[in-house]
Amino acid sequence: MDHLPEQHSSESHGASTREREHAGTPDYDPTHPVLSRLLEEVRNEKRVDAAYDRVHHRHNRGR
Amino acid sequence: MVVEGQLDTVLLKTASRCNFDCSYCYVYQGPDTAWRFQPKRMPPVVLAAVSKRLIEHADRQRVGYAVILHGGEPLLLGFAGLAELLRGLRVHMSPERHPISIQTNGTLLTRDLLDLFAETRTSVSVSIDGPAEVNDLARLNHRQESTYEATMRGINLLDSHDERDFLFAGTLSVIQPASDPEIVYGFLKDLGSPSMDFLFQDGNHDRLPPGKRRFESTEYGQWLSGVLDLYLADPAPVPIRVCDDIIKLCLGGESIKEGRGVNPYGILVVEADGEIRKNDTLRASFDGADRFGSPWNVMNTPLSTVLASQEYITYTSMQVPESDVCRDCDLLAVCGGGMPLYRFSTDRGYDNPSVYCHDHEVMIQHTLSRLDAMGLCDALVVPPSPARAS
């Protein structure tokens, strides 16, 4: 399971998380085409130059 | 994260008119009338001044910023004006630090223009709402005729260009909530769109958006939830910006577009006459809502003067919602209160939750539930409340 520990707010819902694990919640699929890309982006945003990267995605806007 | 006083995006109104007459347009169908007094196209003296200001600020600001040619229909400026502007900017502003793009309806694209855009590393995003029966619900020309075939001709030209992979940035679609999201999603994928985005129609508490029956109804949230399901189930998806932003915010990341999440966005608009304004979507609220109090124009004012002003700081802080409903909401970190224009009412100004508040809730809860079910429960910024999802 990909836990993203740097963003984990376990205090807010740790109990329910444990309950789900016991209930057999399926693990995150690291090959999922959308989620794997976005999780990587979230990790990269923690880099010091993240604000610089962001402008490259702001291409389509308006009507 | 953008800090106050930093420029993130500049929109250039290279043309103040449009060859379309879309029924939902916030420029020509809304309460603002300023466009009537603008020159139809950005004149050469303004093009020179805006180039000077953009280059000047590129040298001054450490972090890059994006330039978007916008309108009206920005291609109405014509080849000569576009070439002068884009070639002039690219002498001093690199594509790596300063991406330039055009938001167009696609009908005026030509091979020569696409060659110019390839030369100046200017990407193209095309507005189209779906197949003809969806697109033509709102996107008609001034004779109230379909624009679908003309837009498709432009997209096909773009799609066949040698530099298509760079040039074709994606499609931008306004949600028609009565349409079937599966049909729209399938159409845009078949079109070869490399990136999609979907927008809400404009509206506020005085004037509900088209297709929304009442404040509590969730037509748009359900429609977007349908798109999210298709997106997550697609083995070969193309990025959908609104879905990506919401997923990332649910996972503790950042959004790309203003109106989602709580980061400030530094957006300025330069009108065809050179006037410097706030985010132009504000004009959907009331006439003049996007104007600064100061008479700033690229002819007489550096962008840094605007960015250092209290007026600019006050304007960018509008993204943080005033409403207690929003401030007390568990989902604020994701929805950010939505775009300010959707919060407006004559009685209370922007001190309201978004008119799309319940749509946001449905879409976000649906996203949280899907991520939870896919094994990402540990990474979510708030736990899902499935009863509130669609």
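1. Re the overall build of chain A
Next, step 1: Each helix and strand counted, chain A has 3 helices and 0 strands in total.
Next, step 2: Written out in order from the N terminus, the α and β elements of chain A read α-α-α.
Next, step 3: On chain A, roughly 3500 Å² of surface is accessible, and the fraction owed to carbon and sulfur atoms is 52%.

2. Some points on the pattern of salt bridges
Next, step 1: Using the criterion set out here, one finds 27 salt bridges over all chains in the structure.
Next, step 2: Ionic pairing is found between A:Arg37 and A:Glu41, a salt bridge with its closest N-O pair at 3.3 Å. Placement of both A:Arg37 and A:Glu41 in helix 2 (residues 33-44) is noted, with a separation of 4 residues, approximately one turn of the helix.
Next, step 3: The partner of B:Glu216 in a salt bridge is B:Arg214, and the shortest N-O contact between them spans 4.0 Å.
Next, step 4: Residues joined by salt bridges that share partners form a network here, namely B:Glu271, B:Glu275, B:Arg277, B:Arg283, B:Asp290 and B:Arg291.

3. With respect to the environment of B:Arg36
Residues and elements named next belong to chain B.
Next, step 1: Tracing the sequence through the fold places Arg 36 in the loop between strand 1 (9-13) and helix 1 (44-60).
Next, step 2: Accessibility expressed as a relative area gives 51% for Arg 36, which makes it exposed.
Next, step 3: The spacing of Arg 36 and Arg 17 is 19 residues in sequence and 8.7 Å in space, taken between C-alpha atoms.

4. Concerning the state of the cysteines
All names here are of chain B.
Next, step 1: Applying the stated rule across the entire model yields 0 disulfides over all chains.
Next, step 2: For Cys 243, which is in no disulfide, the shortest distance to another cysteine sulfur is to Cys 250 and amounts to 11 Å.
Next, step 3: Taking the relative accessible area as the measure of exposure, Cys 243 reaches 0% and is therefore buried.
Next, step 4: Sulfur of Cys 250: no disulfide; nearest cysteine sulfur belongs to Cys 335 and is 11 Å away.
Next, step 5: Looking at Cys 250, the relative accessible area reads 0%, which means it is buried.

5. Focus: the environment of B:Leu303
All names here are of chain B.
Next, step 1: Along the chain, the position of Leu 303 falls in helix 10 (residues 303-307).
Next, step 2: Overall, Leu 303 belongs to the buried group, its relative accessible area being 3%.
Next, step 3: With 35 residues separating them in the primary sequence, Leu 303 and Leu 268 have C-alpha atoms 8.9 Å apart.
Next, step 4: Residues within four places of Leu 303 in sequence aside, it is in contact with Leu 7, Arg 53, Leu 54, His 57, Leu 268 and Ile 276.

6. Thoughts on the sheet that holds strand 8 (residues 276-277) of chain B
Next, step 1: A sheet is described by the order of its strands in space; here 8 strands give the open sequence 6-5-4-3-2-1-7-8 (chain B), paired in mixed fashion. This sheet does not close on itself; its edge strands, each paired only once, are strand 6 (196-199) and strand 8 of chain B.

7. Section: the packing of helix 2 (residues 79-92) of chain B against helix 3 (residues 111-119) of chain B
Residue and element names in this part refer to chain B.
Next, step 1: Helix 3 packs onto helix 2 with a crossing angle of 5° between their chain directions and a minimal axis gap of 10 Å. Considering their axes alone, helix 2 and helix 3 lie roughly parallel with respect to each other. Counting all contacts with helix 2, which are made through Phe 79, Leu 82, Ala 83, Leu 86 and Arg 87, the residues of helix 3 involved are Asp 112, Leu 113, Leu 116, Phe 117 and Glu 119.
Next, step 2: The residue inventory of the contact of helix 2 with helix 3, partitioned by class, reads 7 nonpolar, no polar and 3 charged.

8. Let's talk about the packing of aromatic side chains
All names here are of chain B.
Next, step 1: As enumerated under the stated definition, the model contains 13 aromatic pairs over all chains in all.
Next, step 2: A centroid spacing of 5.0 Å and a plane angle of 70° characterise the contact between Tyr 220 and Tyr 356, whose relative ring orientation is edge-to-face. Taken as a pair, Tyr 220 in helix 8 (residues 219-233) and Tyr 356 in the loop between helix 13 (332-335) and helix 14 (357-376) lie far apart in primary sequence, 136 residues in all. Across the pair, exposure class does not vary: Tyr 220 and Tyr 356 are buried alike.
Next, step 3: Centroid distance Phe 286 to Phe 344: 5.3 Å. Interplanar angle 40°. Geometry classified as tilted. Separated by 58 residues along the polypeptide, Phe 286 in the loop between strand 8 and helix 10 and Phe 344 in the loop between helix 13 and helix 14 bring together distant segments of the chain.
Next, step 4: The class of Phe 286 is partly exposed, set by a relative accessible area of 35%.
Next, step 5: By relative accessible area, Phe 344 is classed as buried at 8%.
Next, step 6: Following the ring pairs from residue to residue traces out a cluster consisting of Phe 200, Tyr 220, Tyr 342 and Tyr 356.

What counts, and where the lines are drawn
- Residues numbered from 1 in each chain as written.
- Chains lettered and ligands numbered in written order.
- Predicted model: local features only at pLDDT ≥ 70, side-chain atom pairs only at ≥ 80, totals over all residues.
- Heavy atoms only, no water.
- Helix = DSSP H or I, 4+ residues; strand = E, 2+ residues; numbered from the N terminus.
- Areas by Shrake-Rupley, 256 points an atom, 1.4 Å probe, with all protein chains shown as cover.
- Salt bridge = Lys/Arg side-chain N within 4 Å of Asp/Glu carboxyl O.
- Buried < 20%, exposed > 50% of the residue type's maximum accessible area, 1.4 Å probe, protein only.
- Disulfide = S-S within 2.5 Å.
- Contact = heavy atoms within 4.5 Å.
- Pairing = 2+ DSSP bridges.
- Axes fitted to C-alpha atoms, helices over the stretch in contact; angles between N-to-C directions.
- Parallel < 35°, antiparallel > 145°, perpendicular 65-115°, else oblique.
- Nonpolar A, V, L, I, M, F, W, Y, C, P; charged D, E, K, R; others polar.
- Phe/Tyr/Trp six-rings, centres within 6.5 Å; stacked < 30°, edge-to-face > 60°.

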